[in-house]
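What follows is each chain in one-letter form.
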Amino acid sequence: APIISGTPFRSTTTDKYAYAFDIDGVLLRGGRPIPEALEAMRMLNGQNSYGIKIPYIFVTNGGGKTEQDRCIQLSQQLEIEVSPGQFICGHTPMREMAATYGTVLVVGGEGEKCRLVAEGYGFKDVVTPGDIIKDNPDTTPFRKLTGEEHNDSRLRDFSKVDIEAIFVFADSRDWAGDQQIILDLLMSENGRLGTRSKTFEDGPPVFFSHNDVVWSASHDLTRLGMGALRLSLEAMFKAITGKDVYTTAFGKPQIRTFQFATRLLQQWRKDTHGIDSPPDTVYFVGDTPESDILGTNEFNKQSKNTWYSILVRTGVYQEGTKPKFTPNATVDNVLGAVKHGMEREY
Ligand code: G3P
Ligand code: MG
């Protein structure tokens, strides 16, 4: 029978299936909810003809603030309660690398927010591009720190510091300046600013929180994302040094992000719903074939056919083209995706 929304007589939580949602292009565009998203969320919370509640988590490549802050914001945007226990953003798995490196450069996001995220993850010594420009304003000829940036940036002598790794946590707000600084480090001797390696092979490793070349924001057409910054950096490094640089991306479609999501969902179902067995099916709803659909399909192969990819037409993927990776289903929007999963179950 078709699923309809509405207030049920009573509600119970299913242990059979669950949902995982991408955010940009599925639930939000430029911070505003996609119209059908609110009803989709209400349906998951029991407002459907079966009176069934379905557990769900969020898996976004976005980032730039703490998981706690992002969940407060998402709760307001979607008119539901969202907890960090059901939320993963692009940089969440980077937490596991905090003990591996000493001094690290953290790039991207607004103001000091990403430094605070990294420190919250346990990174011991976090440097920002602002700190480097404050120490030597000649670093970026066309970028001057604002008064606020100058105050927030920490003064230190970078001729005495080795930067051991570079983490791009969120989208750069200043591509030219940030790329100059990352290139300086990649071409340095062991991450010491002001030096030049003879081989261009001993710069620090670079980690990106995801690899989306484009994403779906408030503009009608897709906008450049962090994957574009990565491509740009790699091309510049090649043009200047003649060598290739190998960088690493986290986020979707990486399998480890889906493994992380599986553990999170397991914990979430246990803690909030008292469910101790794994679900038969996890419906992943996304808008980007290269991240959401590829990742879900690949992970499905490793997880005994328990993940199911649903592509929506409200974000990166648009009607009339063939998606680069084929989803299990394609629907108009997130409400259609929720109904599709529920109808398959009953
Ligand atoms: O910068 C965020 C964007 O690239 C993707 O976010 O929620 O679609 O994974 P999301
Ligand atoms: Mg998306």
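Visitor: Sorry, what's going on with the overall build of the protein here?
Guide: Tallying secondary structure elements over the protein gives 10 helices and 17 strands in all. At 22 Å, the protein has a C-alpha radius of gyration in line with the 20 Å of a compact globule built from 346 residues. Summarising its shape, the C-alpha atoms of the protein cover approximately 70 × 40 × 35 Å along the three principal directions. Looking at the 346 residues of the protein, the share that counts as buried comes to 43%. Across the protein, the fraction of contacts at a sequence separation of at least 24, relative to all contacts at a separation of at least 6, is 70%.

Visitor: Is there a simple way to explain helix H7 (residues 226-241) in this structure?
Guide: Quick reminder: α-helices carry 3.6 residues per turn. Residues three or four places apart thus point the same way. Here H7 is 16 residues long and its end C-alpha atoms lie 22 Å apart, about the 22 Å a rise of 1.5 Å per residue gives. Among all positions in H7, only Met226, Gly227, Leu229, Arg230, Leu233 and Phe237 are buried. Here the buried residues of H7 occupy an arc of 155° about the axis, which is enough to place them on one side. Residues of H7 that are exposed and angled more than 90 degrees away from the buried face: Ala235, Lys238 and Ala239. Buried residues in H7 make contact with strand S10 (165-168), helix H6 (175-186), strand S11 (206-208) and strand S14 (248-249). The positive-phi residue at the C-terminal boundary of H7 is Gly242, with phi of around 75°.

Visitor: Quick question: what am I supposed to make of the site of ligand 1 here?
Guide: Inspection of the region around ligand 1 gives 13 residues, with Ile23, Asp24, Thr60, Asn61 and Trp215 positioned closest. Here the shell around ligand 1 is composed, by residue class, of two nonpolar, seven polar and four charged. No fewer than three residues from each of domain 1 (12-90 + 252-345) and domain 2 (93-249) sit in the shell around ligand 1.

Visitor: Explain the sheet that holds strand S16 (residues 307-312) here, please?
Guide: One key point about sheets: their strands pair by backbone hydrogen bonds, in either a parallel or an antiparallel sense. Overall, parallel pairing links the six strands, which are arranged S7-S6-S2-S15-S16-S17 in an open sheet. Two strands lie at the open edges of the sheet, namely strand S7 (87-88) and strand S17 (329-331), each paired on one side alone. Where strand S2 (residues 17-21) lies against strand S6 (residues 56-59), three bridges are found, and the strand directions are parallel. Each bridged residue has a counterpart across the sheet, and for Phe21 the counterpart in S6 is Phe58. Seen against the sheet, helix H8 (residues 255-273) touches S2, S6, S7 and strand S15 (281-286) and runs at an angle of roughly 150° to S6.

Visitor: What should I look at first to understand the confidence of the model for the protein in this one?
Guide: Confidence in the prediction of the protein, expressed as mean pLDDT, is 96, and 98% of residues score 70 or more. Here the predicted complex scores 0.95 on pTM and 0.98 on ipTM.

Visitor: Please explain the packing of helix H1 (residues 37-44) against helix H10 (residues 334-345) as it appears in this structure.
Guide: The geometry of a pair of packed helices is captured by two quantities: the angle between their axes and the separation between those axes. In contact at an axis separation of 7 Å, H1 and H10 are set at 25° when each is read in the N-to-C sense. Put simply, H1 runs roughly parallel to H10. Along its contact with H1, which presents Ala37, Glu39, Ala40, Met43 and Leu44, the element H10 presents Val334, Leu335 and Val338. A per-class count over the contact of H1 with H10 returns seven nonpolar, no polar and one charged.

Visitor: What's the story with the domain arrangement of the protein in this structure? I'm lost.
Guide: Interfaces are often sized by the accessible area lost when the parts come together. The assigned domain composition of the protein is domain 1 (12-90 + 252-345) and domain 2 (93-249). Computed from C-alpha coordinates alone, the two centres of domain 1 and domain 2 are separated by 30 Å. With 20 residues of domain 1 at the contact, the number on the domain 2 side is 21 residues. Ranked by the residues each element gives to the side of domain 1 that touches domain 2, the list is headed by H8, at three residues. Here the side of domain 1 that touches domain 2 is composed, by residue class, of two nonpolar, 12 polar and six charged.

Visitor: Please explain unusual backbone geometry as it appears in this structure.
Guide: It is generally the case that most residues other than glycine have a negative phi and that most peptide bonds are trans. In this structure, Pro253 follows Lys252 across a cis peptide bond, with omega equal to 10°. Positive phi is not limited to glycine here, since Asn190 has a value of about 55°. Inspection of the secondary structure puts Asn190 in the loop between H6 and S11. Notably, Lys304 is not glycine yet its phi reads approximately 55°, a positive angle. Mapped onto the elements, Lys304 comes out in the loop between helix H9 (289-302) and S16.

Visitor: What am I meant to see in H9 here?
Guide: Compared with the 20 Å implied by 1.5 Å per residue over 14 residues, the 19 Å span of H9 between its first and last C-alpha is a close match. For H9, the complete set of buried residues consists of Pro289, Glu290, Ser291, Asp292, Ile293, Leu294, Gly295, Thr296 and Phe299. Summarising the contacts, the buried residues of H9 are in contact with H8, S15 and S16. Looking one or two places after H9, you find Lys304, whose phi comes out positive at around 55°.

Visitor: Got a minute to help me understand the nonpolar core in this structure?
Guide: Across soluble globular proteins, nonpolar side chains have a tendency to be buried as a group. Formed by 50 residues in total, the largest nonpolar core has its most connected members in Tyr19, Ala20, Val285 and Val334. Counting 35 residues, the second-largest nonpolar core is a separate cluster that includes Cys114, Val117, Ile181 and Val245.

Visitor: I would appreciate a short explanation of the sheet that holds strand S9 (residues 125-127) in the present structure.
Guide: Here we have five strands laid out as an open sheet, ordered S9-S8-S10-S11-S14, and parallel in their pairing. With partners counted over all chains shown, the strands left at the sheet margins are S9 and S14, one partner each. Pairing of strand S8 (residues 103-107) with S10 involves four bridges; the strand directions are parallel. Considered in S10, the bridge of Leu105 is made with Ile166.

Thresholds, definitions, all that
Residues numbered from 1 in each chain as written. Chains lettered and ligands numbered in written order. Predicted model: local features only at pLDDT ≥ 70, side-chain atom pairs only at ≥ 80, totals over all residues. Helix = DSSP H or I, 4+ residues; strand = E, 2+ residues; numbered from the N terminus. Rg over C-alpha atoms; globule rule 2.2 N^0.38 Å. Buried ≥ 20, exposed ≤ 12 C-beta atoms within 10 Å, placed from the backbone. Contact = placed C-beta atoms within 7 Å. Expected span 1.5 Å × (residues − 1). Arc of directions from axis to C-beta. Near = placed C-beta within 6 Å. Nonpolar A, V, L, I, M, F, W, Y, C, P; charged D, E, K, R; others polar. Domains from an automatic or database assignment. Pairing = 2+ DSSP bridges. Axes fitted to C-alpha atoms, helices over the stretch in contact; angles between N-to-C directions. pLDDT = per-residue confidence, 0-100. Parallel < 35°, antiparallel > 145°, perpendicular 65-115°, else oblique. Core = buried A, V, L, I, M, F, W, Y, C linked by C-beta atoms within 7 Å.

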